[in-house]
Each structure stands twice: as C-alpha cells, then as structure tokens.
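Descriptive analysis of the structure
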Amino acid sequence: MGSGNMVETTTTTSSTFMSDFIGKCGGYVVIDGGFATELERHGADLNDPLWSAKCLVDSPHLVRRVHLDYLDAGANIILTASYQATIQGFEAKGLSKEEAEALLRKSVEIACEAREIYYDRCMKDSWDFMENGRTSRSPILVAASVGSYGAYLADGSEYSGNYGDAITLETLKDFNRRRVQILANSGADLIAFETIPNKLEAKAYAELLEEEGIEIPAWFSFNSKDGINVVSGDPISECVSIADSCKQVVAVGINCTPPRFIHGLITSIRKVTSKPVLIYPNSGETYDGQTKQWAKSSGNVDEDFVSYIVKWREAGASLFGGCCRTTPKTIRGIATALSDKN
Ligand SMILES: C[S+](C)CC[C@H](N)C(=O)O
Ligand SMILES: N[C@@H](CCS)C(=O)O
Ligand SMILES: [Zn+2]
C-alpha cells in the first residue's frame with residue numbers, strides 16, 4: 001500500500017480510508033444525531049425553505065454549539081449544516097452566487113472550528129483524561145452533508161423520491177455540480193450524500209464524483225419506508241450496487257428511516273457490498289412536508305433504538321448515529337452501548 005504511482009495511491013487511499021478510520025476508533029464509529037432537531041431545541045425556527053441551512057445565514061453560533069453538543073456526546077463524525085444548503089436555494093432568497101458559495105464553505109469552517117474547540121478542551125482536561133485511562137483523543141471527521149434534490153424542494157420530497165419526468169440524470173448532475181466541487185475543496189474530510197431517495201440520484205452522484213475527479217471520499221446513505229426498497233420503490237440492492245461500483249464511496253448505508261427497518265436493511269446491504277455499512281435512523285416519526293412538523297406514526301411504535309445498536313453491529317454495520325428527532329442523549333446512549341460491549 002502507498003507505494004504505487006499517483007493513480008494507484010489515490011485509489012488505495014480511498015478504498016481503505018473508512019476501514020482505517022473504523023480501526024482507529026476501536027472497531028466502530030459513532031456518527032452525530034439530528035442536526036436540525038438540536039438547532040430547534042436551542043430555539044432556531046426552521047420553518048423556511050432553507051430548513052437547517054437557514055442557521056448558516058442567521059445563527060452560525062448555534063451551528064457551532066450543536067456540533068459541540070454532539071462531540072461532547074461522543075461523536076467521531078460530525079455532519080455539516082449544508083443538508084439543505086444549495087446555491088439555487090440561497091439565490092432564491094436573494095443572495096448572490098458568491099455569497100451562496102461562501103455559505104457552503106462556511107458550513108465546513110464552522111464544523112472544523114467546533115472540532116478545534118473540542119480538541120482544545122480535551123487538551124485542557126488531559127489530566128482527567130489520563131486519570132480515566134484515556135491517553136489519546138478520539139479521532140473526528142468532518143463530513144460535508146449533501147441533501148438530496150428533494151431536500152432543496154423543501155416539501156418533504158426526499159421521503160418520496162418522486163421528482164417527475166422533467167428531472168433527469170443530467171439535471172441532477174448539473175444541479176449538484178458546483179456545490180459538490182465547493183464542498184470537496186472546503187477542508188471537509190468526506191462528503192456525506194444523505195437521504196438519497198432513488199436510484200437516479202445515486203447514479204447522478206456516482207457519475208459526478210467520477211466526472212469532476214472529486215478527491216475526497218464520500219458516503220452514500222439511502223432512506224426507506226418499508227425496509228425493502230428505498231423510498232421511491234427502487235430496490236435497495238440496485239441502489240447499493242451503484243455505491244459499491246463507485247471508487248470514491250467509502251461507506252454505504254441508511255439514514256432518516258424508522259428503526260424497525262434497520263436490521264433487515266443491513267442484511268440486504270451486506271449481500272451487495274463489502275464496503276463499511278453505516279446506519280443513522282430517525283425516531284420513527286413521520287414528516288409532513290407541508291406543515292414541517294413530525295407526527296407519531298400510526299400503528300407501528302418504534303422504541304428507543306439504542307437498545308438495538310449491538311444487534312445492528314452483529315448484523316454487520318460499523319458506523320452508528322441518529323437522524324431527525326434524535327438528540328445528543330441518543331448519541332451518548334449509542335456510544336455507551338458500543339463501549340460497554342467492547
Ligand atoms: C429531512 S427533512 C425533515 C428536511 C426538511 C425538508 N426538506 C423540508 O424543507 O421540509
Ligand atoms: N442532516 C440533516 C438531516 C438529514 S435527513 C440535518 O439535520 O440537517
Ligand atoms: Zn433525517
């Protein structure tokens with residue numbers, strides 16, 4: 001490893017990037033939890049087409065605060081506030097292209113700043129660290145979030161994946177091209193393509209990574225509402241195969257999906273790829289894109305999923321966190337469940 005020519009070295013780096021990181025973290029990785037949820041808990045009003053990305057414009061201090069909350073809870077990977085941050089979305093609010101691009105970069109800067117603050121605090125507390133037997137700080141990655149096209153539509157379309165016939169592979173690539181280039185050169189450690197609702201969008205991201213020669217790794221994370229297919233109805237196996245064939249993709253999995261579907265989905269994913277599997281479910285509630293409110297799902301009750309984490313690890317997942325309506329308490333619970341088991 002690492003002794004080949006340039007091309008070979010780049011490829012090798014990508015293919016072992018996540019497994020190396022999992023190793024450094026002790027065999028499993030803790031991802032953060034619901035970002036928007038925690039912003040709202042601190043008083044942010046996200047009833048806006050920019051949703052959580054609105055805070056990049058009007059309350060960056062809250063964005064930093066939420067990153068720190070999740071780092072304190074034990075997260076090894078924090079996702080930036082850029083899920084619903086798109087150049088087109090910022091322009092619709094009257095910002096210039098330059099201002100929009102600066103906000104994308106700022107989402108990564110704030111997360112990196114939070115990581116520095118967290119590391120500084122760890123240094124100051126290093127005496128306690130040693131006393132607790134922890135001699136080294138835990139490794140932390142900053143993942144630049146890219147929400148799906150449905151997120152930009154701001155009507156909950158990321159839970160249907162129905163974009164209509166006007167949206168094609170080329171439309172999706174063009175929509176994301178500049179945003180992905182900017183985030184790839186922003187200082188982030190990887191790009192997290194999140195809440196991918198259909199196969200077309202997975203294909204668009206894979207082709208974009210290739211065409212643009214994106215040099216940082218990426219993960220692909222899909223969402224499901226039946227435990228069998230992704231939300232659009234496309235088979236999970238076909239979606240995961242696209243991720244599996246893309247050399248920049250270093251992990252693949254599921255987010256913003258009810259906990260009750262996770263075990264089966266891990267099993268299905270493992271049949272198609274040997275790349276590390278990530279899961280970060282939501283609370284099991286259902287999102288109403290019109291009112292922008294969450295409601296308890298009728299019939300199926302999802303218990304607090306922290307108690308399933310060890311089973312999900314046994315099923316083959318290696319990265320664990322929470323999505324919408326989960327909190328630092330969830331993440332602390334996940335970190336504890338995994339360290340107790342180790
Ligand atoms: C992951 S969903 C809860 C994000 C918000 C949605 N795109 C909206 O704007 O309503
Ligand atoms: N990471 C996103 C949600 C993805 S569904 C956020 O909370 O901003
Ligand atoms: Zn979510």
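Treat the numbers as computed from the prediction; the structure is a model and nothing was measured.

This part takes up the site of ligand 1. Surveying the vicinity of ligand 1 reveals the residues Trp-51, Tyr-83, Gln-84, Ala-151, Ala-154, Glu-158, Tyr-159, Tyr-287, Lys-292, Trp-294 and Cys-324. Within the side chain of Gln-84, a nitrogen or oxygen atom sits 2.8 Å from an oxygen atom of ligand 1. Within the backbone of Ala-151, an N or O atom sits 3.5 Å from a nitrogen atom of ligand 1. In the complex, 99% of the free accessible area of ligand 1, which totals 330 Å², lies under the protein chains. Among the detected pockets, ligand 1 sits in the second largest cavity.

Right, let's talk about the UniProt feature "binding site: Zn(2+)" (unreviewed entry) in the chain for a bit. As annotated by UniProt and renumbered to match this structure, "binding site: Zn(2+)" (unreviewed entry) occupies Cys-256, Cys-323 and Cys-324. What stands out for the annotated residues spanning 69 residues is how close their C-alpha atoms remain, the widest pair being 6.2 Å apart. Of the annotated set, the members that line the largest cavity are Cys-256, Cys-323 and Cys-324. Relative to the helices and strands, Cys-256 resides in the loop between strand 6 (249-255) and helix 12 (262-270). According to the relative accessible area criterion, Cys-256 is buried, its value standing at 3%. Dropping the residues within four chain positions of it, Cys-256 is found in contact with Tyr-159, Thr-195, Asn-223, Tyr-280, Pro-281, Asn-282, Trp-294, Cys-323 and Cys-324. Tracing the backbone shows Cys-324 in the loop between strand 10 (317-320) and helix 14 (328-341).

Coordination of the zinc ion (ligand 3) by the protein involves Cys-256 (SG), Cys-323 (SG) and Cys-324 (SG), with metal-donor separations of 2.2 to 2.4 Å. One way to put it: the four donor atoms around the zinc ion (ligand 3) meet at angles of 95 to 130°, and that makes the site tetrahedral. Take Cys-324: its relative accessible area is 8%, and that puts it in the buried class.

Taken as a whole and judged by the stated rule, the model has 15 aromatic pairs. Aromatic pair Tyr-152 and Phe-175: ring centres 4.7 Å apart, planes at 50°, arrangement tilted. With Tyr-152 in helix 8 (residues 149-153) and Phe-175 in helix 9 (residues 169-184), the pair connects residues that are 23 residues apart, well separated along the chain. With a relative accessible area of 26%, Tyr-152 lands in the partly exposed category. The exposure class of Phe-175 is buried, given its relative accessible area of 10%. Relative to Trp-294, the ring of Tyr-159 lies with its centre 6.3 Å away and its plane at 80°, an arrangement referred to as edge-to-face. With Tyr-159 in the loop between helix 8 and helix 9 and Trp-294 in strand 9 (residues 293-295), this residue pair connects regions lying 135 residues apart in the sequence.

What counts, and at which threshold
Residues numbered from 1 in each chain as written. Chains lettered and ligands numbered in written order. Predicted model: local features only at pLDDT ≥ 70, side-chain atom pairs only at ≥ 80, totals over all residues. Heavy atoms only, no water. Near = heavy atom within 4 Å. Polar contact = N/O pair within 3.5 Å; in protein donor to acceptor, adjacent residues only side chain to side chain. Areas by Shrake-Rupley, 256 points an atom, 1.4 Å probe, with all protein chains shown as cover. 1 Å grid on protein atoms, 1.4 Å probe; cavity = no way out; pocket = protein on both sides within 12 Å on 5 of 7 lines; lining within 4 Å. Sits in = over half its atoms within 2 Å of the grid points. UniProt positions renumbered as here; feature names shortened; annotations may be inferred. Helix = DSSP H or I, 4+ residues; strand = E, 2+ residues; numbered from the N terminus. Buried < 20%, exposed > 50% of the residue type's maximum accessible area, 1.4 Å probe, protein only. Contact = heavy atoms within 4.5 Å. Donors = N, O, S within 2.8 Å, 3.2 Å for Na, K, Ca; no water. Tetrahedral: all angles 85-135°; square planar, octahedral: opposite > 155°, others 65-115°. Phe/Tyr/Trp six-rings, centres within 6.5 Å; stacked < 30°, edge-to-face > 60°.

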